[in-house]
Amino acid sequence: MKKITTGVVILLFIAFWIFLAGTIGSKLTSAPQWVQLVFYVIAGVAWVLPLKPILAWMNRPDERSAD
């Protein structure tokens, strides 16, 4: 159950992240192309940082099944 819940949370977070990056990126259309490139590279990699604790929790063994 933990992996299913975490999977749904990750999918929702990624959908939100894409919406947020696209919204901010659409405001950068008048910026130089190198600024847009830097933004999208950072936005494309930075989504992992908030998800690291969730992924670590998901892969941790259950306390109940440690018998």
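Residues numbered from 1 in each chain as written. Predicted model: local features only at pLDDT ≥ 70, side-chain atom pairs only at ≥ 80, totals over all residues. Heavy atoms only, no water.

Trainee: What exactly am I supposed to notice about the environment of Ser-26 here?
Mentor: Here Ser-26 is to be found in helix α1 (residues 2-26). On the accessibility criterion, Ser-26 (43% relative accessible area) is partly exposed. Each C-alpha atom of the pair Ser-26 and Gln-36 lies 9.5 Å from the other, and the pair is 10 residues apart in sequence. (Helix = DSSP H or I, 4+ residues; strand = E, 2+ residues; numbered from the N terminus. Buried < 20%, exposed > 50% of the residue type's maximum accessible area, 1.4 Å probe, protein only.)

Trainee: Looking at this structure, how should I read α1?
Mentor: The periodicity of an α-helix, 3.6 residues per turn, causes residues three or four places apart in sequence to face the same way. For α1, with 25 residues, the first-to-last C-alpha span of 36 Å sits near the 36 Å given by 1.5 Å per residue. Among the residues making up α1, those that are buried are Lys-2, Thr-6, Ile-10, Ala-21 and Gly-25. (Expected span 1.5 Å × (residues − 1).)

Trainee: Explain the packing of aromatic side chains to me, please; I cannot follow it from the model alone.
Mentor: The way to describe two aromatic rings as a pair is by their centre distance and the angle between their planes. Tallying each qualifying case throughout the model produces 2 aromatic pairs. Each ring, one from Phe-39 and one from Tyr-40, has its centre 5.1 Å from the other, and the planes form 70°; the classification is edge-to-face. Classification of Tyr-40 as partly exposed rests on a relative accessible area of 41%. (Phe/Tyr/Trp six-rings, centres within 6.5 Å; stacked < 30°, edge-to-face > 60°.)

Trainee: For this particular structure, what's the right way to read helix α2 (residues 33-46)?
Mentor: With 14 residues, α2 extends 20 Å between its outermost C-alpha atoms, agreeing within 8% with the 20 Å of an ideal straight helix rising 1.5 Å per residue. Those residues of α2 that fall on the buried side of the exposure criterion are Phe-39, Ala-43 and Ala-46. What you see down the axis of α2 is that its buried residues fit within an arc of 75°, all on one side. Exposed side of α2, more than 90 degrees from the buried face: Gln-33, Trp-34, Leu-37 and Val-45 are the residues found there. Buried residues belonging to α2 abut α1 and α3 (48-59). (Arc of directions from axis to C-beta. Contact = heavy atoms within 4.5 Å.)

Trainee: What exactly am I supposed to notice about the environment of Trp-34 here?
Mentor: With respect to the helices and strands, Trp-34 occurs in helix α2. For Trp-34, a relative accessible area of 59% gives the class exposed. Taking the C-alpha atoms as reference points, Trp-34 and Met-58, separated by 24 residues in sequence, lie 37 Å from one another.

Trainee: How should the packing of α1 against α3 be read in this particular structure?
Mentor: The relative placement of two packed helices comes down to the angle between their axes together with the axis-to-axis distance. Contact pair α1 / α3: the axes reach a minimum separation of 10 Å and the direction vectors enclose 165°. The angle between α1 and α3 falls in the class roughly antiparallel. Judged by the twist between their axes, the crossing of α1 over α3 is left-handed. Here α1 contributes Lys-2, Lys-3, Thr-6, Val-9, Ile-10, Phe-13, Ile-14 and Trp-17 to the contact with α3, which in turn contributes Pro-50, Leu-51, Ile-54, Leu-55, Trp-57, Met-58 and Asn-59. Tallied by class, the residues present in the contact of α1 with α3 amount to 11 nonpolar, 2 polar and 2 charged. (Axes fitted to C-alpha atoms, helices over the stretch in contact; angles between N-to-C directions. Parallel < 35°, antiparallel > 145°, perpendicular 65-115°, else oblique. Left-handed = near helix turned anticlockwise from the far one by under 90°. Nonpolar A, V, L, I, M, F, W, Y, C, P; charged D, E, K, R; others polar.)

Honestly, it's all geometry; don't read function into it.
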